[in-house]
Amino acid sequence: MSCKCAIPTDQYHGWECTVSGGECMFLMPNSKACAEKYCEGPDAKIIEERRSGMSKVSSNDVILVCKVCSTEFVISQELLDKFAAKKLSAPTHCPACLEKKHNIKYYPCKDCGGQFGMNQLEREYYLEKMGWPLPVRCPKCREKRRVAKEATRK
Ligand SMILES: [Zn+2]
Ligand SMILES: [Zn+2]
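Residues numbered from 1 in each chain as written. Chains lettered and ligands numbered in written order. Predicted model: local features only at pLDDT ≥ 70, side-chain atom pairs only at ≥ 80, totals over all residues.

Peer 1: Hey, could you go over the overall build of the protein for me, with residue numbers and the actual values?
Peer 2: The secondary structure content of the protein amounts to six helices and six strands. Overall, the protein shows an N-to-C arrangement of helices and strands of β-β-α-α-β-β-α-α-β-β-α-α. Since a compact globule built from 154 residues should have a radius of gyration of about 15 Å, the 29 Å found for the protein marks it as more spread out than a globular shape. Its C-alpha atoms put the protein at 90 × 40 × 25 Å along the principal axes. (Helix = DSSP H or I, 4+ residues; strand = E, 2+ residues; numbered from the N terminus. Rg over C-alpha atoms; globule rule 2.2 N^0.38 Å.)

And the structure:
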């Protein structure tokens, strides 16, 4: 936190601004804060470039809503076009949820002994959203039990 436009002086509170010729607006010269607040000083150009760069990107971007957590996430039109070219649908998961989707853990099935995978989203769905324990059977065995149950009901 400093500013190369601030020079120590006996006047003011100890700092003079070489850009405005007056007192530095900050108690401790801070070129970054100065650029953000007043668009002045040595860092102003960087901030300006970043701002215009951001607006340039956003005009080309599409905002999508994550179907899991409903958070808005930004994807470039370019990437969407690539998805379309491959006949894929647009992403439905935000980057955070996508990461969870790929975070798969494997569990042994209580009935058949086989392994079945559950990703973090599924685990969170059971544990956090529904307040249920994690399933102890693979999807196939779960389906078998469901069918058997229905058969006895009839
Ligand atoms: Zn999400
Ligand atoms: Zn099983």
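The discussion continues.
Peer 1: How would you summarise the domain arrangement of the protein if you had to cite specific residues and measurements?
Peer 2: Segmenting the protein into domains produces domain 1 (6-55), domain 2 (60-93) and domain 3 (103-153). A C-alpha centroid distance of 59 Å is found between domain 1 and domain 3. (Domains from an automatic or database assignment.)

Peer 1: Break down helix α1 (residues 31-38) for me, citing the residues and quoting the values.
Peer 2: For α1, the set of buried residues is S31, C34 and A35. Down the axis of α1, the buried set is contained in an arc of 100 degrees. They therefore lie on one face. (Buried ≥ 20, exposed ≤ 12 C-beta atoms within 10 Å, placed from the backbone. Arc of directions from axis to C-beta.)

Peer 1: Describe the nonpolar core, naming the residues involved and giving the relevant values.
Peer 2: In this structure, C3, A6, C17, C24, C34 and A35 together form the largest nonpolar core, which totals six residues. Leaving out residues up to four positions away in the same chain, A6 has contacts with W15, E16, C17, C24 and P29. (Core = buried A, V, L, I, M, F, W, Y, C linked by C-beta atoms within 7 Å. Contact = placed C-beta atoms within 7 Å.)

Peer 1: Which residues make up the pairing of strand β5 (residues 104-108), and what are the values?
Peer 2: Note: β5 against strand β6 (residues 115-119), five bridges, orientation antiparallel. The partner of K105 across the bridge, within β6, is M118. A loop of six residues connects β5 with β6, the two strands running antiparallel in sequence, and G113 in this loop sits at a positive phi of about 80 degrees. (Pairing = 2+ DSSP bridges.)

Peer 1: Describe the environment of T18, naming the residues involved and giving the relevant values.
Peer 2: With respect to the helices and strands, T18 occurs in the loop between β2 (15-17) and α1. On the basis of neighbour counts, which here come to 13 C-beta atoms within 10 Å, the residue T18 falls in the partly exposed class. In sequence terms T18 and K101 are 83 residues apart; their C-alpha atoms lie 54 Å from each other. Apart from the residues lying within four places of it in its own chain, the contact partners of T18 are C5 and I7.

Peer 1: Give a detailed account of unusual backbone geometry, specifying residues and quantitative values.
Peer 2: In this model, S70 sits at a positive phi of 65 degrees, which is unusual for a non-glycine residue. Secondary-structure assignment places S70 in the loop between β3 (61-65) and β4 (72-76). Owing to 8 C-beta atoms within 10 Å, S70 belongs among the exposed residues under this scheme. The residue K87 is not glycine, and still its phi comes out positive at about 60 degrees. Mapped onto the elements, K87 comes out in the loop between α3 (77-85) and α4 (95-102).

Peer 1: Talk me through the environment of H102; I want residue IDs and the actual numbers.
Peer 2: Along the polypeptide, H102 turns up in helix α4. Considering only alpha carbons, one finds H102 and M118, 16 residues apart in sequence, at a separation of 9.5 Å.

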